[in-house]
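The residues making up each chain are set out below.
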Amino acid sequence: MKATRKLPKPTQSTSSHCNNFKDGAVVKLEAETIVSPNDAHSLDGNCNSAETVKVSPPKPVQTKGCFVFKPSAKKRRKTPTVEDYFTHGCEDTENSKLRFRNCQTLWEKMKADTELLQDELNRKILDSLLAFIRKSVSTFQRGTDDWASGMRAHEIPTAALVLGVNVPDHDMTFQCLSDQLQQSVTPFVVSVQATECTGQSCVCVQCSTNVNQKRVHCSLITLCNWYKTVTKVCTASGTASKKRTSVGKDMQQHPPIVVIFKDLEAFTPKVLQDFILICSRYVEQLPLMFVFGIATSPSTIQHMLPHSVSSLLGIELFQSLSCTQHLASVIDKVILTSQFPFKPNGKVLQVLVSIFLYHDFSVRNFIKGLQLALLEHFHSQPLSVLCCKKEAALVHATELSHRDVERLQQLPSFMRYVEEQGPQEQVELLTSDDHVKEVCQKLLKDLCKYHKNYYTTLRCLHILTASLPKYPLGKQIRELHISCLEKNVWENDEYVCTLLEMKKSRRTKEMSQFEIFRDQALEFIDSLVRSHLAPPESQPLYEVCYYSSSAVLRRHLNATPRTSIQTALSNPYHYLKNEDLRAEDGTVSNAAPDICIVYKLHLECGRLINLYDWLEAYATVVSAAEGKDPDSVDFGKVDELKHARFIQAVSELEFLGFIKSTKQKTDHVSRLTWGGC
């Protein structure tokens with residue numbers, strides 16, 4: 001007989017000793033003890049002396065331990081910072097950290113100025129909105145009767161805010177409006193979107209949840225009861241929260257509930273109508289106010305709401321600044337200034353403006369594109385270490401390494417400058433690093449002076465020509481700026497015609513005193529244009545400040561999904577970088593993904609594709625990829641696995657829009673794209 005006895009439970013002292021393992025290790029111990037024959041006999045009271053007890057030979061105590069140690073802090077993997085990503089892959093790692101700091105400092109300053117500008121541009125319309133809301137609230141404070149009469153029989157004060165089609169910029173405006181409302185008018189501000197409000201009940205839940213900060217299923221009745229309780233408590237206590245201490249006396253007793261509909265056009269008309277009808281029944285109990293965010297036209301309200309519903313709203317129209325005017329202000333603040341040394345050249349600026357005009361009208365995305373150009377410039381140009389404030393640039397010029405001096409000498413603009421110098425000076429510029437550093441400081445000063453004169457003269461020329469019929473040199477100053485960046489503006493036919501038109505005299509007799517002064521002024525402006533509006537390529541070291549890789553910027557910003565998908569399907573190696581997928585031009589490796597094989601086979605077909613023939617061709621290619629003998633019986637045979645893989649690949653092509661089912665033939669599909677080889 002084999003008997004085992006478990007170890008007794010540890011005593012209190014043992015337990016407390018085990019608890020001393022804190023944050024270091026977790027210990028698990030198990031033990032098994034084999035008892036002696038005498039102990040085994042005593043375990044069974046019915047056992048007599050005649051019985052033979054078989055006892056297993058004693059075994060050693062079995063102990064199991066599991067220890068978990070914390071890894072050392074030194075061995076932990078360091079999370080890469082933004083600076084690490086920037087310096088990785090830089091051409092010159094010596095000054096990459098300094099370039100990153102210059103880039104970061106410059107961008108923070110540009111970002112702060114653009115945000116300040118946007119606040120100033122939105123201030124007028126936001127102040128008008130706040131005044132409208134305060135006026136409506138003060139009417140409600142006079143009492144229920146005054147409120148009802150003032151709101152013309154249960155009308156809800158509604159601000160129709162027309163923001164334009166630049167939808168990506170709307171979030172910033174609504175966030176600014178919400179912050180100002182919470183700071184100076186009411187803490188109860190709700191922002192709702194069409195994606196969150198698929199039904200009328202969803203709108204009520206969103207409003208109730210955002211107001212009382214509780215994730216419960218609420219209705220307007222519940223909201224009314226909660227609002228009465230809150231306002232009653234606040235009135236009785238006579239104190240308000242820190243957030244409401246700055247609110248006016250009228251706002252403290254009955255602060256309004258402002259509901260902001262960010263994207264009015266996206267709401268289902270029926271949902272919006274039902275919500276307005278329900279809210280109109282609670283106007284006497286809840287000081288509700290609406291803000292409609294409109295991207296197209298104020299007539300949208302008439303199209304979405306019938307007269308029986310729109311008559312319940314006291315609508316006042318507010319028009320924001322147009323996105324083109326907003327863009328002009330941003331360009332004038334960030335680009336057409338000598339304050340910031342970084343400059344996009346004509347092609348880069350044209351790419352950014354084209355994306356703005358033909359895609360989204362988003363000033364926010366324009367600024368993001370400018371940020372990308374700034375980052376690319378400092379990452380790809382080692383000499384961008386000199387692209388900073390004038391004083392700092394002069395200091396960095398004296399600290400250039402020998403490799404940086406060689407890069408400086410290889411710049412096309414510096415090479416042209418060397419060619420214009422005398423023989424002795426050319427030798428010094430090509431052999432002496434110290435002399436190159438001295439000349440570099442002089443050229444940087446000249447470049448700063450060029451920018452100051454350039455932008456002043458540019459504004460003078462724009463003011464002179466912007467009011468001319470048909471705008472020969474452009475209606476916006478950015479158009480004139482791009483023309484000046486591309487070539488000598490005085491060589492343009494439009495510029496010559498402009499001067500001739502201004503000098504034209506309608507009198508056949510001798511010129512008057514006014515015409516004499518006019519011609520003298522035009523000649524003076526023409527001399528300024530020829531002196532200060534030369535393209536930046538004419539200035540030595542312009543590469544330090546100007547970013548010119550428009551193709552890189554276009555590839556990052558102006559995405560072409562169809563081209564990318566076709567490239568991935570026809571040449572999977574382009575993205576996967578797998579050597580097994582490398583193939584000659586126009587072919588696809590048989591080891592490529594199934595969808596790539598099916599896509600390549602479908603390019604060889606006409607308008608209608610026979611599914612069975614397509615499947616057999618696919619099976620043949622896959623059999624070759626599996627290494628089967630072409631002369632064997634199983635080569636090209638369609639089994640269940642190949643059939644399933646083929647169906648999945650065809651379904652993916654149909655989802656991507658390359659093929660579709662056709663009713664002409666049930667065993668065929670129709671091809672939808674052409675020219676993708």
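Fair warning: this is a prediction, and the values are worked out from it, not measured in the lab. Per chain, residue numbering runs from 1 following the sequence as it is written. This being a predicted model, a pLDDT of at least 70 is required before a residue's local features are given, and a value of 80 or more before pairs of side-chain atoms are given or counted; all residues contribute to the totals for chains, interfaces and linings. Only hydrogens and water are set aside; all other atoms, that is, all heavy atoms of the structure, feed into the side-chain values.

Focus: the overall build of the chain
What counts as a helix is a DSSP run of H or I of at least four residues, what counts as a strand is a run of E of at least two, and both are numbered from the N terminus. Along the backbone of the chain there are 29 helices and 12 strands. Think of it in three bands: residues with accessible area under 20% of the maximum for their type are buried, residues over 50% are exposed, and the middle band is partly exposed, with areas taken using a 1.4 Å probe on protein chains only. In the chain, which comprises 677 residues, the proportion classed as buried is 41%. Counted over contacts in the chain with a minimum sequence separation of 6, partners at least 24 positions apart contribute 72%. Any pair of residues with heavy atoms lying within 4.5 Å of one another is described as a contacting pair.

A few points about the sheet that holds strand 10 (residues 608–610)
Strand order across the open sheet formed by 3 strands is 10-12-11, with antiparallel pairing between neighbours. Edge positions in the sheet fall to strand 10 and strand 11 (659–661), since each has one partner strand and no second. This sheet shows a mean twist of 40 degrees between the axes of neighbouring strands, independent of strand direction. Only when DSSP finds a minimum of two bridges between them are two strands counted as paired. Pairing between strand 10 and strand 12 (residues 668–671): 3 bridges, direction antiparallel. Within strand 12, the residue paired with Leu 608 across the bridge is Ser 670. Under this scheme, a helix contributes an axis fitted over its contacting stretch, all axes are lines through C-alpha atoms, and angles between N-to-C directions fall in the 0 to 180 degree range. Against the sheet, helix 28 (residues 611–625) touches strand 10, strand 11 and strand 12, its axis set at about 60 degrees to strand 10.

Overview of empty space enclosed by the protein
Here a cavity denotes a set of grid points, spaced 1 Å apart and computed over the protein atoms alone, in which a 1.4 Å probe fits but from which it cannot get out, and a pocket denotes an open set meeting protein on both sides within 12 Å along at least five of seven lines; residues with an atom within 4 Å of a point are reported as lining. Grid points are joined across faces, edges and corners, and a volume is the space filled by probe spheres set on the points. Under the criterion given, the structure shown has 3 cavities of 30 Å³ or more. Counted as a void, the largest cavity has a volume near 190 Å³. Asn 122, Asn 166, Asp 169, Thr 173 and His 326 are the residues nearest the centre of the largest cavity, which is lined by 15 residues in total. Where the lining of the largest cavity is concerned, the elements lending two or more residues are helix 4 (96–141), helix 6 (170–184) and helix 13 (323–334). Per-element tally for the lining of the largest cavity: the top contributor is helix 4, with 4 residues. Broken down by class, the residue content of the lining of the largest cavity amounts to 6 nonpolar, 8 polar and 1 charged. Here the nonpolar group is Ala, Val, Leu, Ile, Met, Phe, Trp, Tyr, Cys and Pro; Asp, Glu, Lys and Arg are the charged ones; every other residue, Gly included, is treated as polar.

Thoughts on the nonpolar core
We call a set of buried Ala, Val, Leu, Ile, Met, Phe, Trp, Tyr and Cys residues a nonpolar core when their side-chain atoms join them within 4.5 Å. Ranked by size, the top nonpolar core spans 76 residues in total, and within it Phe 414 and Leu 541 carry the most contacts. Examining the composition of this core, we find that 11 residues originate from one element, helix 20 (residues 433–465), more than from any other. Among all residues touching Leu 541, those that are not within four sequence positions of it are Leu 408, Leu 411, Ser 413, Phe 414, Cys 440, Leu 443, Leu 444 and Leu 447. Ranked by size, the runner-up nonpolar core spans 38 residues in total, among them Leu 223, Ile 257, Val 309 and Leu 313.

Here's the deal with a nonpolar patch on the surface
A patch consists of residues exposed above 30% relative accessible area that lack any salt bridge, with like charges linked at up to 9 Å and nonpolar side chains (Val, Leu, Ile, Met, Phe, Trp, Tyr) linked at up to 5 Å. Computed with the Shrake-Rupley method and a 1.4 Å probe, the accessible areas treat only the protein chains shown as cover for residues. Only one rule defines a salt bridge in this text: a Lys or Arg side-chain nitrogen within 4 Å of an Asp or Glu carboxyl oxygen. A cluster of nonpolar residues, Met 511, Ile 516 and Phe 517, forms a patch on the protein surface that exposes about 260 Å² of accessible area. Within the secondary structure, Met 511 is located in the loop between helix 22 (493–503) and helix 23 (513–532). Note on Met 511: relative accessible area 38%, which makes it partly exposed.

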